[in-house]
Amino acid sequence: MKPKEFSRRRFINTVSAGSVAAVVSGSVPAFGNISSFNNNAGKLAILGGTPVIPRKIGPEWPYVDEKMVDAIVKTTRSRIWCRIQSPNGTVPTFEKDFATMLGAKACVSTGSGTQALNTCVEALGIGPGDEVITSPYTDPGTLSSILSSHVLPVLADLDPESYMIDPADVERRITGNTKAIMPVQMGGQPADMDRLLAIAKKHNLKVIEDSCQAHLAVYKGKKVGTIGDLGCFSFQASKTIACGEGGAIVGNDDELMDHCYTVMNHGTNRKGLTVRPGPKYRMNEFEAAILLGQMEGAGERFDIRNRNANYLNSKLKGFPGVVPQKLYEGTESGSFYLYMMSYKKEHFNNAPRSKFLKALAAEGISLDTYLSNGLHREPWVDHILNLKSYQKMYSPARLKQYRDEMNCPVCDSTCDEMVMIWASGPLLGTLEDMDAIINAIMKVYGNRDKLNSI
Ligand SMILES: *Cc1c(COP(=O)(O)O)cnc(C)c1O
């Protein structure tokens, strides 16, 4: 079967069967003989050769179409700009549609993914003196959502192959004050949810899924974000469903979702009573208009990203130089906001990652390194340890232990090896585009003896 003939239905069936990497098995290259890539490598573009990729891969991102432009004009003219002006405005409509899209009972929108996460922390009653375990390898918004409630963020180390929190390390870091686990669905792919849920159950902890990168991803028949107690999404401009800045919480517990609404709405509940402290985290009607305008095509774009990611995975299978992110058993599809790989320099003549990236960029494909440091190595750690509020809420012994245990060596090596594609637009390219990415990597591999001198 040629990849081009791959129908959506057949694709979904194949992926559901769990054979993610075998999707285009007809075209997997023979890596039994890696040395064949030393021949016909061609002269590196950075040394004056012809670049492999003469064009941009995939469409520009964020996505724009005339329907979205019309929706903004319509919202402007309607004078309904804020969600409280109408129960049928774009924000309430978006919340209904997004909940339906994910198979969740309810959705509460917010002004960002960070706000969505913080709303969950507050709605679950997690506050000063409590601890939440999350990943050091994530957007700073994850951390911010915990710190904003004066809660202690405890960072667990990673599974080196998936770049997501290692459940065993999560369990080691649980204390008597731990209230929740906040797993990050890194790159948009599902975390090791079964194991994390089991640990949460055993220790009576809540699970807040940081699915800010993982729109529409599926794990064991469930959309990511609907697996834990609450799930959060971001619609920041780079994400695979985007409106500039925006966020959403999904969940199946009506009472808890009402708490989320109240927190988001400056402490004022759906009946109009002001019942508790809360920030004002409302999404506005323009943001929801943009989101409604692109939800229709979002599923189709999601399928194309999955097809392309599976194609890249199949092409890289067995190649030791660049290793794609491991997908956990139970992963039926990923969102592929990021297409992540580890660069193994020992297979590139020990050339540093920067030289590999430089050579590849000259061939026409720019990979990024994501975080240069895990969050455990950023200055906020010492900052909070010096705050009076933290010194009052946590014992000196706990804070000392916290500082001493702020080590995540797997995260450090992940930061050193990461090479990734911001995939929202690029992974919407054609299979020929995907071949070009592979050819560029293999061309650089074939010239690895020259990399150290560029
Ligand atoms: C983008 C992102 C966030 C924060 O979302 P914002 O909308 O930017 O506030 C949180 N966590 C992860 C994993 C993200 O990728």
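Residues numbered from 1 in each chain as written. Predicted model: local features only at pLDDT ≥ 70, side-chain atom pairs only at ≥ 80, totals over all residues. Heavy atoms only, no water.

This part covers the nonpolar core. One finds Tyr-137, Met-186, Met-340, Tyr-370, Trp-380 and Tyr-402 to be the most contacted residues of the largest nonpolar core, which totals 50 residues. Every element with two or more residues in this core is listed here: helix H5 (140-147), strand S3 (152-155), helix H7 (193-202), strand S12 (338-343), helix H11 (380-385), helix H13 (396-404), helix H14 (409-417) and strand S13 (418-422). Not counting chain neighbours up to four residues away, the residues in contact with Met-186 comprise Tyr-137, Tyr-163, Met-164, Gln-213, Gln-325, Leu-338, Met-340 and Tyr-370. By size, the runner-up hydrophobic cluster in this structure holds 37 residues, among which are Ile-53, Ile-57, Leu-312 and Tyr-343. (Core = buried A, V, L, I, M, F, W, Y, C linked by side-chain atoms within 4.5 Å. Buried < 20%, exposed > 50% of the residue type's maximum accessible area, 1.4 Å probe, protein only. Helix = DSSP H or I, 4+ residues; strand = E, 2+ residues; numbered from the N terminus. Contact = heavy atoms within 4.5 Å.)

Oppositely charged side chains are able to pair whenever their charged atoms sit close together. Counted by the stated rule, this structure contains 22 salt bridges. For Arg-276, the salt bridge goes to Glu-122, with nearest N and O atoms at 2.9 Å. Taken as a pair, Arg-276 in the loop between helix H8 (254-264) and helix H9 (285-316) and Glu-122 in helix H4 (residues 113-123) lie far apart in primary sequence, 154 residues in all. Residue Arg-276 is classed as partly exposed on the basis of its relative accessible area of 28%. (Salt bridge = Lys/Arg side-chain N within 4 Å of Asp/Glu carboxyl O.)

This part covers the packing of H4 against H8. Direction vectors running N to C along H4 and H8 enclose 115 degrees, while the axes themselves pass 9 Å from each other. Pair H4 / H8 crosses with right-handed handedness. Together, Thr-119, Glu-122 and Ala-123 of H4 and Leu-256, His-259, Cys-260, Val-263 and Met-264 of H8 make up the contact between the two elements. When the residues that make up the contact of H4 with H8 are grouped by side-chain class, the tally is five nonpolar, two polar and one charged. (Axes fitted to C-alpha atoms, helices over the stretch in contact; angles between N-to-C directions. Left-handed = near helix turned anticlockwise from the far one by under 90°. Nonpolar A, V, L, I, M, F, W, Y, C, P; charged D, E, K, R; others polar.)

What follows concerns the packing of helix H3 (residues 90-102) against H9. Contact pair H3 / H9: the axes reach a minimum separation of 8 Å and the direction vectors enclose 30 degrees. In the packing of H3 onto H9, the handedness of the crossing is left-handed. Side by side, H3 and H9 meet where Thr-90, Val-91, Pro-92, Thr-93, Phe-94, Asp-97, Phe-98 and Met-101 of the first sit next to Glu-285, Ala-288, Ala-289, Leu-291, Leu-292, Met-295 and Ala-298 of the second.

Moving on to the sheet that holds strand S11 (residues 331-333). Within a sheet, neighbouring strands are paired by backbone hydrogen bonds and run either parallel or antiparallel to one another. With antiparallel pairing, three strands are arranged side by side in an open sheet as S7-S6-S11. Looking along the sheet, the strands with just one partner apiece sit at the ends: strand S7 (222-223) and S11. With two bridges joining them, strand S6 (residues 218-219) and S7 adopt antiparallel strand pairing. Each residue of the ladder has a partner; that of Tyr-219, found in S7, is Lys-222. (Pairing = 2+ DSSP bridges.)

Let us look at the site of the ligand. Taken together, the neighbourhood of the ligand is formed by 14 residues, with Gly-113, Thr-114, Asp-210, Ser-234 and Lys-239 sitting nearest. Here a nitrogen atom of the ligand and a side-chain polar atom of Asp-210 are 2.8 Å apart. Within the side chain of Gln-213, an N or O atom sits 2.8 Å from an oxygen atom of the ligand. Coverage of the ligand by the protein amounts to 94% of the 380 Å² it exposes when considered alone. Here the residues of the shell around the ligand sort into two nonpolar, nine polar and three charged. (Near = heavy atom within 4 Å. Polar contact = N/O pair within 3.5 Å; in protein donor to acceptor, adjacent residues only side chain to side chain. Areas by Shrake-Rupley, 256 points an atom, 1.4 Å probe, with all protein chains shown as cover.)

Time to look at the environment of Asn-447. You can see Asn-447 is positioned in the loop between helix H15 (431-446) and helix H16 (448-451). When sequence neighbours within four positions are dropped, the list of residues in contact with Asn-447 reads Ala-41, Gly-42 and Leu-44. Here the side chain of Asn-447 touches Gly-42 through a polar contact of 2.9 Å, landing on its backbone oxygen.

The strand order across the open sheet formed by three strands is S10-S12-S13, and the pairing between neighbours is antiparallel. Unpaired on one side and paired on the other, strand S10 (322-324) and S13 mark the two borders of the sheet. The average angle at which neighbouring strand axes cross in this sheet is 30 degrees, direction not considered. Of the strand pairs in this sheet, S12 and S13 are connected by five bridges, and their pairing is antiparallel. If you follow Leu-338 over to S13, its bridge partner there is Trp-422. The strands touched by H9 within the sheet are S10 and S12, with S12 carrying the most contacts at an inclination of about 15 degrees. Contacting S10, S12 and S13, helix H10 (residues 353-363) runs over the sheet at an angle of about 35 degrees to S13.

Moving on, we come to the pairing of strand S8 (residues 230-234). The element S8 is extensively covered by neighbouring structure, given that five of its five residues are classed as buried. The alternating pattern of S8 places Leu-230, Cys-232 and Ser-234 on one face and Gly-231 and Phe-233 on the opposite face, and all of these are buried. Inspection of the sheet shows S8 paired to strand S9 (residues 247-251) by four bridges, in the antiparallel sense. Along S9, the bridge assignment pairs Cys-232 with Ile-249.

For the chain, the average pLDDT comes to 92, and 91% of its residues sit at 70 or higher. Note that residues 1-33 has pLDDT below 50 and, in this model, 48 contacts with residues that lie over four places away or in other chains. Residue range residues 35-39 is modelled with pLDDT below 50. Its contacts to residues more than four positions away, or to other chains, number seven contacts. (pLDDT = per-residue confidence, 0-100.)

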